[in-house]
Amino acid sequence: MSGLAKTLIVSDLHLGSGGTYDIFAGGDALPLLIQRFAADGNTIILNGDSVDFLMNEDPLELEEARAVAQAEQTFSAAATQAVLKALGQVLAAGGQVVVRLGNHDIELALNGVQERMRAHLGQSAQVAARLQFERGDKPAILDVGGARILVSHGEQSDEWNKVDYPHLPGPGAPSGASHDSFRYAPGSRLVKTIMNPLKRVYGLRLIDLIKPDFQGGVLTALAVSPNAVKEVFKGSTISLLWQLQGSKAGPSTFAPDDEDELGLNRALAQAGLSNEESETLASMFGEDHGGAVSFDVDTSVLASAQLKLARSGLKAYASAQRKLAGEAGKRFYSLEPEASEWNEAKRLQQKFSVDAVVFGHTHAARWQQADGLCYLNTGTWIRLLSLPAPDASDDEWTDFLTLARKNPQLDPNKGPMVPVVTRFTAALIEPSPQGGAHVALVEFLPSGDLQIHGHGHVPARTAGATP
């Protein structure tokens, strides 16, 4: 690559407060990567879900004082602090840092939270003031060497996680936006009411690694610990028994007046449980009247049901990551996007007259260049589950579930656990001396080297081609 000014785009860091909920895995790697770009003219873009404001016990209400307190705790944590200091170095060297919102960090829209982030950059007020924040209701359009590149977190087509930008207050908000009128996305409410208790009370940390697929998380939790799911759902307004039997859709957890069934009934149907397996699992969710229970549960049938739940619950995750079995120490991935991802990128290409589209959100790194479009997903900086191969035997999946049950916290100090990997990926963009832009999907390796997984030239637009 040339010595021209570079743009580095990362997303889905999920920076935390140093507590038990933290899932950010790049504490050592990310500051080193960012520091490489501490030079005049370079730009760092954090493309959504940079901070995770959902990983706490606070009520899910948009209240500025609470958000500022959460931000102060997060920005003071050692791993987050190291990232912010590296970003401050980029600003001090004359570079730009842009923070775009995602669906897990909408609190970054608030003035008070932005002030706390600037205060932790380790720079003077004058330098820190150059930190930029952008709402996600519109994509960013970069002009790099005459090529137009669209940057968006990517949640705009995800009905579970679309952000209520018309009512989100803060700089640049529409008239009438307020804390009282803002409504969190369904996915955010489900994290708070179902996912967090499963992690806090029962230690099911592995469900953090398969988001943003809520249904997959619940089915996986059922496969690992049905009793934990029973206890968590007991305190909610939905009856999981109804979902299992498919006889009734109760009010959803995230809104008492909403009749949505969370998609669990459909997800369970796709697991392919036999009548006996479904009835055995459903019997575990019957009302407990103080007497002896579960004496008639056939453990072999239950185990068979849980095996199917695990395969089905992790299907979407496996499809997104496309983890294939390989030799020890080697990882092989397919970066080709799903048809829905590619079609959404093509739609935005037409709508905004761009030549390249950069997303995050799905946690799955992607690269494809075809038909006049370059599409890239920057992946994530949290750990990723390493699953059995798609054609693995029942015995291999049973071994996987056994490890998940023995160490659901994914704590190496507590013994063997399901295998996890990291893949610290980013988009690297720079103008080409011949015009247009050079775009690459890169991975930051433990050695400090950058491995290129996909790269290509995006030509400059001809005169008059951009509206």
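Figured I'd write up the structure that's included with this text. (Residues numbered from 1 in each chain as written. Predicted model: local features only at pLDDT ≥ 70, side-chain atom pairs only at ≥ 80, totals over all residues. Heavy atoms only, no water.)

### Let's talk about unusual backbone geometry
- Of note, the phi angle at D49 is positive, near 55 degrees, even though the residue is not glycine.
- Take D49: it is sitting in the loop between strand 2 (43-47) and helix 2 (64-76).
- On the basis of relative accessible area, D49 is assigned to the buried category, the value being 2%.
- A positive phi angle, near 50 degrees, is found at S353, a position not held by glycine. (Helix = DSSP H or I, 4+ residues; strand = E, 2+ residues; numbered from the N terminus. Buried < 20%, exposed > 50% of the residue type's maximum accessible area, 1.4 Å probe, protein only.)

### Here's the deal with the sheet that holds strand 1 (residues 7-10)
- Strand order in the open sheet formed by seven strands is 4-3-2-1-14-15-16, and the pairing between neighbours is mixed. Every other strand in the sheet has two partners, leaving strand 4 (132-134) and strand 16 (450-458) as the edge strands with one partner each. Each strand of the sheet is rotated relative to its neighbour by a mean of 20 degrees, with strand direction disregarded.
- Note: strand 14 (residues 425-431) against strand 15 (residues 437-444), seven bridges, orientation antiparallel. Bridge pairing links L428 to A440 in strand 15.
- Contacts between helix 3 (residues 78-92) and the sheet are confined to strand 2 and strand 3 (96-100), with strand 3 contributing the most and set at about 135 degrees to the helix. (Pairing = 2+ DSSP bridges. Axes fitted to C-alpha atoms, helices over the stretch in contact; angles between N-to-C directions. Contact = heavy atoms within 4.5 Å.)

### What to know about a negative patch on the surface
- Together, D391, D395, E396 and D399 give the surface a local cluster of negative charge.
- With respect to the helices and strands, D395 occurs in helix 15 (residues 394-406).
- A relative accessible area of 59% places D395 in the exposed class. (Patch = residues over 30% accessible without salt bridge, like charges linked within 9 Å, V, L, I, M, F, W, Y side chains within 5 Å. Areas by Shrake-Rupley, 256 points an atom, 1.4 Å probe, with all protein chains shown as cover. Salt bridge = Lys/Arg side-chain N within 4 Å of Asp/Glu carboxyl O. Lys, Arg positive; Asp, Glu negative; His and termini not counted. Charge placed at Lys NZ, Arg CZ, Asp CG, Glu CD.)

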